[in-house]
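# Close look at the chain arrangement
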Amino acid sequence: MIEWRPAMSVGHLVIDDDHKKLLSLINTFEASTSGEQIEAVLRELMDYTQMHFTREEALQRASRYPFHEAHHKAHQKLIHDVSQLCRKWEQVGDDAPEMVREIAAFFRKWLIEHILKEDMATKTYFTTLRRKSG
């Protein structure tokens, strides 16, 4: 289970709330016990991730974040990788606890690394912007 820590905050309420929701969905996914529940949470996780990416990228473009294109590419890679995991899940079927662990571990690792590395760079940028605008 992943718990939100203040060190994960990027300093933007909406983005932080998105990240908290994603953490919650990953935890729910990992705790899911039935194939139906796993699929439902996986779908919600995918949908929410894409919605979050859209929101985060729009914010970056609007603020002229200089690395928004690289950030977008990282998001696209995740979507591609998760799509492949979903296809693998469909092939394995409902009774595959090792697959659930693999998908959950993938999301955990990705989200933590993405927040603490790539999204923290946006924190620095947005903090600087706020200081300049008073």
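Residues numbered from 1 in each chain as written. Predicted model: local features only at pLDDT ≥ 70, side-chain atom pairs only at ≥ 80, totals over all residues. Heavy atoms only, no water.

## A word on the nonpolar core
A general feature of soluble globular proteins is that nonpolar side chains tend to end up buried together. Residues Phe29, Trp89, Ile103, Phe107 and Leu111 are the most contacted members of the largest nonpolar core, which totals 32 residues. For this core, the secondary structure elements donating two or more residues are α1 (13-31), α2 (35-62), α3 (68-92) and α4 (97-133). Among the elements that make up this core, the one with the highest residue count is α4 (nine residues). In contact with Phe29, other than residues within four places in its own chain, are Ile38, Val41, Leu42, Val100, Ile103 and Ala104. (Core = buried A, V, L, I, M, F, W, Y, C linked by side-chain atoms within 4.5 Å. Buried < 20%, exposed > 50% of the residue type's maximum accessible area, 1.4 Å probe, protein only. Helix = DSSP H or I, 4+ residues; strand = E, 2+ residues; numbered from the N terminus. Contact = heavy atoms within 4.5 Å.)

## Things to note about the packing of α1 against α2
α2 packs onto α1 with a crossing angle of 165 degrees between their chain directions and a minimal axis gap of 10 Å. In terms of orientation, α1 lies roughly antiparallel with respect to α2. The handedness of the crossing between α1 and α2 is left-handed. Two secondary-structure elements touch here, α1 through Val14, Ile15, Asp18, His19, Lys21, Leu22, Leu25, Ile26, Thr28 and Phe29 and α2 through Ile38, Val41, Leu42, Glu44, Leu45, Tyr48, Thr49, His52, Arg55, Glu56 and Leu59. Grouping the constituent residues of the contact of α1 with α2 by class yields twelve nonpolar, four polar and five charged. (Axes fitted to C-alpha atoms, helices over the stretch in contact; angles between N-to-C directions. Parallel < 35°, antiparallel > 145°, perpendicular 65-115°, else oblique. Left-handed = near helix turned anticlockwise from the far one by under 90°. Nonpolar A, V, L, I, M, F, W, Y, C, P; charged D, E, K, R; others polar.)

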